[in-house]
Amino acid sequence: MSVSRDIYLRAKAEIDKRHDEVQIKAFERREECKRRFPEIAQSYKIMADTACECVKAIALGGNAQDFVAEIAKKNLQAQQVIADTLKKAGLSEDYLKEQYFCTLCNDSGFVEGKMCTCLKNVMKQLTYNSLCDKVPLEKYRFDKFSLEYYPDEVNEDGVSPRRRMKNFFEYCVNYADDFNPKSDNLLMTGETGLGKTHLSLAIAGQAAKKGFSVVYGSAQNLLSNLESEKFGRSTAGAEQAMQECDLLIIDDLGAEFSTQFTISAVYNIINTRLMMSKPTIISTNMTMYEIEEKYSQRIASRILGNYILMEFVGKDIRVQKRNSKG
């Protein structure tokens, strides 16, 4: 799982907040019980005194071992008084202890120097929430993708749109289930309204839920961010994010205004991620021939040789939905 430093810091802050809240609540419970039960207050005083005596005994040496054993006995007796008092009051034996959310790491976020599951889970949720802030992922889940809008009849090319799209849908579900930073690159082509954005975002949602870093955007917005960064109008780190994220999704490639900068930027993004073996999903209304015409032969070649091509077929689903309502 790879996440940005910002996500890690926010997740660690959340874990630290949990830890502090647990400490405060435990302190408040102890203070309350000291006020309600004099024997508990006295026991805590004895325990504090024995701790000081123990330090002094060790410093003095000599018969320290026997003295420490006697101090330990007093300490255990005080603890027993507290336990008995809590039991008589109908309170659990661990009522005064810290009730941590995670008993593996006691809300520290780490176990034996390794990141705890609780911290990883918070990072996963923050990663997903971050992507949700940009696109409505709940709208583009796999279970909201319907094959009923694709014709079942074989077209002039001998292809049943529904059968082909069923195969693509199942492939995307498996791709999302098995996603990892070394997954394949995908090129989704086809006319507007055939489900390219829906399936790419469904993959994005699943990857983000697993805690993988995902950058999604239209080609126009992503390239605009790169241009702003390149010419000093922004310092948002767009290029680094696109290069280093676990999954980059470029939606509607070809709809952006074409310049020498955008052509160069598209090549750099594609080539850099290929060299780093990081997966990219591109959706476009263009054919491979049109990609070569708009950009360059070397860009088309890089895509053709390293991406799985998925040619979406059918009729514009958005138009079908509008017509059915009319």
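Okay, so let's go over this structure. Since the model is a prediction, treat every value here as computed from it, not as a measurement.

1. Quick notes on the nonpolar core
Line of reasoning, step 1. Membership of the largest hydrophobic core comes to 33 residues, with the highest contact counts inside it found for Met 188, Ile 203 and Leu 247.
Line of reasoning, step 2. Looking at this core, the elements that each hand over two or more residues are helix H4 (117-132), helix H5 (161-177), strand S3 (185-189), helix H6 (196-209), strand S4 (214-218) and strand S5 (247-253).
Line of reasoning, step 3. Here the element with the most residues in this core is H6; it accounts for seven residues.
Line of reasoning, step 4. Counting residues in hydrophobic clusters, the runner-up holds 28 residues, among them Leu 223, Ala 265, Met 288 and Ile 291.

2. Brief notes about the packing of aromatic side chains
Line of reasoning, step 1. Tallied over the entire structure, the rule returns seven aromatic pairs.
Line of reasoning, step 2. Relative to Phe 169, the ring of Phe 142 lies with its centre 5.9 Å away and its plane at 80°, an arrangement referred to as edge-to-face. Residue Phe 142 is located in the loop between H4 and H5, and its partner Phe 169 is located in helix H5; the two are separated by 27 residues in the primary sequence.
Line of reasoning, step 3. Residue classification places Phe 142 among the buried residues on the basis of a relative accessible area of 13%.
Line of reasoning, step 4. When the ring of Tyr 175 is compared with that of Phe 179, the centres are 6.0 Å apart and the planes differ by 50°; the resulting orientation is tilted.

3. Things to note about unusual backbone geometry
Line of reasoning, step 1. Even without a glycine there, the phi angle at Asp 107 is positive, about 60°.
Line of reasoning, step 2. As for its position among the elements, Asp 107 is in the loop between helix H3 (64-88) and strand S1 (110-111).
Line of reasoning, step 3. Of note, the phi angle at Glu 112 is positive, near 50°, even though the residue is not glycine.
Line of reasoning, step 4. Assignment of secondary structure puts Glu 112 in the loop between S1 and strand S2 (114-115).

4. What to know about helix H7 (residues 219-230)
Line of reasoning, step 1. If you check H7, its first and last C-alpha atoms are 16 Å apart, about what 12 residues at 1.5 Å a residue would give, namely 16 Å.
Line of reasoning, step 2. For H7, the full list of buried residues reads Ala 219, Leu 222, Leu 223, Leu 226 and Ser 228.

5. Examining the environment of Met 47
Line of reasoning, step 1. With respect to the element layout, Met 47 can be found in helix H2 (residues 38-60).
Line of reasoning, step 2. Each C-alpha atom, one on Met 47 and one on Leu 76, is 8.6 Å from the other, the two residues being 29 residues apart in sequence.
Line of reasoning, step 3. Ignoring any residue separated from it by four or fewer positions in sequence, one finds Met 47 in contact with Asn 75, Ala 78, Gln 79 and Ile 82.

6. Quick look at the pattern of salt bridges
Any two side chains of opposite charge can pair, given that their charged atoms come close.
Line of reasoning, step 1. Summed over the entire model, instances satisfying the criterion amount to eight salt bridges.
Line of reasoning, step 2. Note that Glu 98 is salt-bridged to Arg 30, the shortest N-O span being 3.8 Å. With Glu 98 in the loop between H3 and S1 and Arg 30 in helix H1 (residues 5-36), this residue pair connects regions lying 68 residues apart in the sequence.
Line of reasoning, step 3. The exposure class assigned to Glu 98 is partly exposed, which follows from its relative accessible area of 26%.
Line of reasoning, step 4. The exposure class of Arg 30 is buried, given its relative accessible area of 18%.
Line of reasoning, step 5. Where Glu 32 meets Arg 36, a salt bridge forms, and the shortest distance between an N and an O atom there is 3.6 Å. Remark: Arg 36 and Glu 32 occur in helix H1; sequence separation between them is four residues, near one turn of the helix.
Line of reasoning, step 6. Taking the relative accessible area as the measure of exposure, Arg 36 reaches 47% and is therefore partly exposed.
Line of reasoning, step 7. Here the salt bridges do not stand alone but share partners, grouping Glu 138, Arg 141 and Asp 143 into one network.

7. Digging into the environment of Thr 272
Line of reasoning, step 1. Note that Thr 272 resides in helix H9 (residues 260-275).
Line of reasoning, step 2. Considered as a pair, Thr 272 and Glu 244 are 28 residues apart in the sequence and their alpha carbons are 9.5 Å apart.
Line of reasoning, step 3. Looking at Thr 272, its side chain comes within polar contact range of the main-chain oxygen of Asn 268, at 2.7 Å.

8. Structural notes on the layout of surface pockets
Line of reasoning, step 1. The space that makes up the second largest pocket amounts to roughly 590 Å³.
Line of reasoning, step 2. As for the second largest pocket, its lining consists of 21 residues, and the residues nearest its centre are Tyr 140, Gly 195, Thr 197, His 198 and Arg 318.
Line of reasoning, step 3. When contributions to the lining of the second largest pocket are tallied by element, the ones reaching two or more residues are H6, S5 and helix H12 (317-325).
Line of reasoning, step 4. A class-by-class count of the residues in the lining of the second largest pocket yields six nonpolar, eight polar and seven charged.

9. Comments concerning the packing of H7 against H9
Line of reasoning, step 1. The N-to-C vectors of H7 and H9 enclose an angle of 105°; their axes lie 10 Å apart at closest approach. Taken together, the axis directions place H7 and H9 in an arrangement best described as roughly perpendicular. Facing Leu 223, Leu 226, Glu 227 and Lys 230 of H7, the residues of H9 in contact are Phe 261, Thr 262, Ala 265, Val 266 and Ile 269.
Line of reasoning, step 2. The residue makeup of the contact of H7 with H9, split by class, is six nonpolar, one polar and two charged.

Cut-off values and rules
- Residues numbered from 1 in each chain as written.
- Predicted model: local features only at pLDDT ≥ 70, side-chain atom pairs only at ≥ 80, totals over all residues.
- Heavy atoms only, no water.
- Core = buried A, V, L, I, M, F, W, Y, C linked by side-chain atoms within 4.5 Å.
- Buried < 20%, exposed > 50% of the residue type's maximum accessible area, 1.4 Å probe, protein only.
- Helix = DSSP H or I, 4+ residues; strand = E, 2+ residues; numbered from the N terminus.
- Phe/Tyr/Trp six-rings, centres within 6.5 Å; stacked < 30°, edge-to-face > 60°.
- Expected span 1.5 Å × (residues − 1).
- Contact = heavy atoms within 4.5 Å.
- Salt bridge = Lys/Arg side-chain N within 4 Å of Asp/Glu carboxyl O.
- Polar contact = N/O pair within 3.5 Å; in protein donor to acceptor, adjacent residues only side chain to side chain.
- 1 Å grid on protein atoms, 1.4 Å probe; cavity = no way out; pocket = protein on both sides within 12 Å on 5 of 7 lines; lining within 4 Å.
- Points joined across faces, edges and corners; volume = space filled by probe spheres on them.
- Nonpolar A, V, L, I, M, F, W, Y, C, P; charged D, E, K, R; others polar.
- Axes fitted to C-alpha atoms, helices over the stretch in contact; angles between N-to-C directions.
- Parallel < 35°, antiparallel > 145°, perpendicular 65-115°, else oblique.

In short, the description is geometric, and any link to function would need to be established separately.
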